[in-house]
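# A closer look at the structure
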Amino acid sequence: MSGRLHTIVALVENRPGVLNKIASKWRQRGFNIESLTVGHSETPGLSRMTFTVDGTTNDIEQVTKQLFKVIEVVKISDVTEQETVARELALIKVSTTKETRSAIIEIVDIFRAKIVDVAVDSLVVETTGTEDKVDALISMLTPYGLKELVRTGRVAMVRGGTSTVGAPQRNGQERHFKPAGEGKPKVGSLI
Amino acid sequence: MATQGKIKGAEIIMESLRKEGVDLIFGYPGGANLPMYDALHKYPDIRHILVRHEQAAAHAADAYARVTGKAGVCWATSGPGATNLVTGIANAWMDSVPLVCITGQVVSWLLGRDGFQEADITGITIPIVKQNWLVLNVEDIAPTIAEAFHVATTGRPGPVLVDIPRDVQQQLCEFEYPDKVDIPGYQPTVQGHPQQIKKAAALIAEAERPLILAGHGVVIARAAEELQELAEKADIPVITTLLGLGGFPGSHELYQGMPGMHGMYWNNIAIQEADVLIAIGMRFDDRVTGSLKDFAPKAKIIHIEVDPAEVGKNVPTAIPIVGDVKAVLQQLLPHVERARHDDWRNWFREMRRDHPSIAIPETEKILPQYVIKSIYDRSPGDAYYATGVGQHQMWAAQYFWGDNPYSFVTSGGLGTMGFEVPAAIGVQFARPQSTVWSFCGDGGFQMTMEELALCREYELPIKFAIINNHFLGMVRQWQDTFYDHNLSQVKMFQPDFVKLAEAMGIEAIRVTDKAMVPTAIDAALQHPGAVLIDFHVEHVEDCYPMMPPGVSLSDTIDQPPVAQLQEALR
């Protein structure tokens, strides 16, 4: 795909099958989703998704329009051109020895990352930041031996007071959305 | 357990369908929808039509919806019943037809365990429905069906599917139907933006060679009257896409026929010459545009369309107006100035005089075009026509110049062979008093001919015309034209269609002589029941005009090169 990485934020109803439908629209056009995060939003029953996709602005716009047609998608916006705060979280399990441990801790401090687990021969480092920062920390830790790495992918929010992908309001009141409930799905297609 | 006032889930389905004004269901029973069939007899006002294959249920409901403007409803059982609907659902999806499919599913505790006749039909249909639901609680049935009809019939219509496990159909619940549906992520635009409307009117007023390109949206929105008013007021020639046929009176002096791959030559050139192109309820399919970069180079495009995702998808537009076609045309009409475009109208007259396009040569042979034109000429003005896919479909479209609105039913987007038989059934149920013709290819007919038995059972007086060239004609034409005459798998053994029809209890005539064509048509029209006519037409006859795939509209070939014709006929 010739283009660049786009960040798309969507507000979706929290129901079974939604992720499948959204992923399917990208798949149909031959896009590869670089990263995808989903979690609860400020409104019960609505989740906010952030995904990053490589492509031309025109192609991305086409798919975004198609995604808006997915019934459970309440709002969707390509925020690539907007001022955003974008972060991701990574957990990095690094091999350690008595000799290397203090050097690793020094690197972790410089990056203002945290050590969240210690074992005789390893450390788990938690870091939050832009992808560049996470990449840099990983490259610094790699020589010591990466045992395991997990990254959340990008979450993004537009800067400033307005909410471009905020929950819809009605008559100034916040709308009520039926949460999907734990366990057994009520209505919806299974993922 | 108190059961007073409570009814079974299957009865809630029936009550919900009644609330939606449904009086006809096409379907097929099986293990997972037994409770629905058990409830059926309590609702004599809802008629069930038993098809012979679920694909036909979906196609018949699809055609019924196209003609009535109401949602079509079809039922199937789980597993193979549901998967047999898939082609029909995809067909309705591509042509934006409101279709509500209700499928039985294996009992809920067996879901995802590969139980007998389990298929993940909600998963399978995701890319070809507007929305689907797996209903796991009986109290969700009524609100889900209300939502299903709302989604299917509003905005850009389309198919939906409600999958209900058998145990949920049997659970008890009070019936309460929601008066209105409110889905936060689904708020279709109806009215056009007033500023855009004014801009469009101003652009139309400036135009010297304006052209209206009307599509299925005009038919779906039932906006033929508004379209005619616009065309007459501003004196604008009208061309309609394959699915737009019947959206404008064919005999009207402003009407110029169909453009596109097998459209009228003059229309393809007119698109290239127009200075303002008013595209109404259409989506610039590749069969209409040809090469996109060469499409309508001189035109500023006004695009009136209900689906915002279609705006700018294939061609850049000067003035997009998102909204319901009928509503937008009503908004636009008062702003449009009366005008005359005599030079442009003359341009059309001269082009049509100089380019024969659909003139039928004099010959003793039975040309398929002649058969189709004769059927149009001899049938009553309020007749309806369903077609399959291929050469006969293109000829049926080329020679359709009728005035009966919304009377041409065809599979456009998906191009589903075999559509012709079940589609004619759906049309005949929608219009029991009208003559219904089914234009069949000899290939496509063999895909769904099992439904002839249904015609006999329900005494449907459908007239089937098999345009029998003993070939998969369109594929044969492409192999001849683009694959160096390497005819591959386009000739097949053919059953005796006359005997086959008779076995199904249907009258049949075989026509092998040109003189018999009008006689057979008249006899079929006079017969009160169904009739099948097997027209043995010329085996090798190419469909022209033709715009080869991927080239510009300007390169449309009006008539085939004579040398090539001779070669083909050799």
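A quick note: this is a predicted structure, and the numbers were derived from the prediction, not measured.

What follows is about the overall build of chain B. Scanning chain B for helices and strands turns up 24 helices and 19 strands. In summary, chain B has a C-alpha radius of gyration of 24 Å against a globular reference of 25 Å for 570 residues, a match within 12%. For chain B, the spread of C-alpha atoms along the three principal axes comes to 80 × 60 × 40 Å. Residues classed as buried in chain B amount to 62% of the 570 residues present. Pairs at least 24 apart in sequence give 76% of the contacts found in chain B among residues at least 6 apart. Both charge centroids of chain B, one from 44 positive and one from 68 negative side chains, sit 2 Å from each other.

All names here are of chain B. As enumerated under the stated definition, the model contains two cavities of 30 Å³ or more in all. Forming the walls of the largest cavity are Arg66, His216, Val219, Leu243, Leu245, Tyr406, Phe408, Val409 and Thr410. Residue assignment for the lining of the largest cavity shows that the elements contributing at least two residues are helix H10 (216-220) and strand E15 (408-409). Residues belonging to the lining of the largest cavity are distributed by class as follows: six nonpolar, two polar and one charged. A domain-level breakdown of the lining of the largest cavity finds at least three residues from each of domain 2 (194-354) and domain 3 (368-543). Of the residues forming the lining of the second largest cavity, the biggest block, three residues, is contributed by helix H9 (residues 194-206). When grouped by side-chain class, the residues that make up the lining of the second largest cavity number six nonpolar, no polar and one charged.

Okay, the interface of chain A and chain B next. Taken together, the contact pairs 28 residues of chain A with 27 residues of chain B. With both chains or domains summed, chain A and chain B bury close to 2,300 Å², and 50% of this area falls on carbon and sulfur atoms. Counting across the chain A and chain B interface gives one salt bridge. Of the charged contacts in the structure, one is a salt bridge between A:Lys69 and B:Asp307, with a shortest N-O distance of 2.5 Å. In this structure, the connection of chain A to chain B is made through six residue pairs in polar contact (both at pLDDT 80 or more). Looking at the side of chain A that touches chain B, the elements that each hand over two or more residues are helix H1 (18-28), helix H2 (57-68) and strand E4 (73-78) of chain A. With five residues, the single largest contributor to the side of chain A that touches chain B is H1(A).

On to the domain arrangement of chain B, then. Residue and element names in this part refer to chain B. Here chain B is partitioned into domain 1 (6-174), domain 2 (194-354) and domain 3 (368-543). Centre-to-centre, using C-alpha coordinates, domain 2 lies 30 Å away from domain 3. Facing 24 residues of domain 2, the contacting portion of domain 3 comprises 19 residues. Contact between domain 2 and domain 3 buries roughly 1,700 Å² in total, counting both sides, with carbon and sulfur atoms accounting for 68%. Taken as a group, Leu242, Leu245 and His262 account for 37% of the area that domain 2 buries against domain 3, more than any other trio of residues on that side. One can count seven residue pairs in polar contact (both at pLDDT 80 or more) joining domain 2 with domain 3.

On inspection of all chains with the given rule, the structure shows 36 salt bridges over all chains. In this structure, the salt-bridge partner of A:Glu148 is A:Lys93, at a minimum N-O distance of 3.6 Å. In this pair, A:Glu148 sits in strand E8 (residues 146-151) while A:Lys93 sits in strand E5 (residues 84-95), placing the two residues 55 residues apart along the sequence. Note on A:Lys93: relative accessible area 29%, which makes it partly exposed. Here B:Arg287 makes a salt bridge to B:Asp286, at a shortest N to O gap of 3.1 Å. B:Asp286 sits in the partly exposed class, given a relative accessible area of 46%.

This prediction gives chain A a mean pLDDT of 87; 85% of its residues lie at or above 70. Here residues 179-191 of chain A is modelled with pLDDT under 50, and outside its nearest four sequence neighbours on either side it reaches 40 contacts, counting other chains as well.

For the rest of this paragraph, the subject is the sheet that holds strand E6 (residues 131-134) of chain B. All names here are of chain B. With parallel pairing, six strands are arranged side by side in an open sheet as E3-E2-E4-E5-E7-E6. Across the chains shown, the open sheet's two edge strands, defined by having one partner strand only, are strand E3 (47-50) and E6. Ignoring which end each strand starts from, the neighbouring axes of this sheet average 20° apart. Across four bridges, strand E2 (residues 24-27) lies against E3 in parallel orientation. Counted as the bridge partner of Gly27 is Leu50 from E3. Each of strand E4 (72-76), strand E5 (99-105), E6 and strand E7 (159-165) is contacted by helix H7 (residues 141-153), which is oriented at about 165° to E7, the strand it contacts most.

Before going further, it helps to spend a moment on H7(B). Think of an α-helix as 3.6 residues a turn; residues three or four steps apart then line up on the same face. All names here are of chain B. Here H7 is 13 residues long and its end C-alpha atoms lie 18 Å apart, about the 18 Å a rise of 1.5 Å per residue gives. Across the 13 residues that make up H7, a large majority, ten, are buried. Ile141, Ala142, Thr144, Ile145, Ala146, Glu147, Ala148, Phe149, Val151 and Ala152 are the residues of H7 that are buried. Once H7 finishes, Gly155 follows within two positions and takes phi at roughly 60°, a positive value.

Let us now look at the layout of surface pockets. The space that makes up the second largest pocket amounts to roughly 950 Å³. Along its surface, the second largest pocket is lined by 42 residues, and A:Gln66, A:Lys69, B:Trp93, B:Arg156 and B:Asp307 are the ones closest to its centre. Class assignment of the residues belonging to the lining of the second largest pocket gives a composition of 15 nonpolar, 14 polar and 13 charged.

What follows is about the pairing of strand E17 (residues 463-468) of chain B. Residues and elements named next belong to chain B. Within E17, six of the six residues are buried, leaving the element largely enclosed by the surrounding structure. Judged by which residues are buried, E17 turns out to be covered on both faces: Lys463, Ala465 and Ile467 on one side and Phe464, Ile466 and Asn468 on the other are all buried. Both strand E16 (residues 436-441) and E17 contribute to a ladder of five bridges, which runs parallel. Bridge pairing in E17 links Trp437 to Lys463.

Reading the values: the criteria
- All residue numbers refer to position in the chain's written sequence, counted from 1.
- Each chain is given a letter, starting from A, and each ligand a number, starting from 1, according to the order in which they appear as written.
- A pLDDT threshold of at least 70 governs which residues receive local features in this predicted model, and a stricter bar of 80 or more applies before side-chain atom pairs are shown or counted, although totals over entire chains, interfaces and linings include all residues.
- To get the side-chain values, all heavy atoms of the structure are used, and hydrogens and water are removed first.
- Numbered from the N terminus, helices here are DSSP runs of H or I no shorter than four residues, and strands are runs of E no shorter than two.
- The reference for a compact globule is 2.2 Å times residues^0.38; the radius of gyration itself is calculated from the C-alpha atoms.
- For every residue, the accessible area (1.4 Å probe, protein chains only) is compared with the maximum for its type, and the residue is labelled buried under 20%, exposed over 50%, or partly exposed between those bounds.
- Any two residues whose heavy atoms approach within 4.5 Å at even a single point are treated as in contact.
- The charged-residue count follows a simple rule in which Lys and Arg add positive charge and Asp and Glu add negative charge, with His and chain termini not counted at all.
- Where a charge lies is defined by one atom per residue type: Lys uses NZ, Arg uses CZ, Asp uses CG and Glu uses CD.
- Only protein atoms enter the 1 Å grid used here, on which a cavity is any set of points holding a 1.4 Å probe that cannot leave and a pocket is any open set flanked by protein within 12 Å on both sides along at least five of seven lines; residues with an atom within 4 Å of a point are listed as lining.
- Grid points are joined across faces, edges and corners, and a volume is the space filled by probe spheres set on the points.
- For this classification, the nonpolar set comprises Ala, Val, Leu, Ile, Met, Phe, Trp, Tyr, Cys and Pro, the charged set comprises Asp, Glu, Lys and Arg, and every other residue, Gly included, is treated as polar.
- Domain extents, as shown, originate in an automatic or database domain assignment.
- Accessible area that two parts lose when put together, evaluated with a 1.4 Å probe and summed over both, is termed the buried area.
- Salt bridges are defined as contacts in which a side-chain nitrogen from Lys or Arg sits within 4 Å of a carboxyl oxygen from Asp or Glu.
- Polar contacts here mean pairs of N or O atoms no more than 3.5 Å apart (in protein, one a potential hydrogen donor and the other a potential acceptor; neighbouring residues in sequence count only if both atoms are side-chain atoms).
- Along the chain, pLDDT gives the predictor's confidence residue by residue, from 0 to 100.
- Whether two strands pair depends on DSSP finding at least two bridges between them.
- Note on method: axes are straight lines fitted to C-alpha atoms, helices fitted across the in-contact stretch only, with angles between N-to-C directions ranging 0 to 180 degrees.
- A helix is expected to reach a length of 1.5 Å times the quantity of its residues less one.

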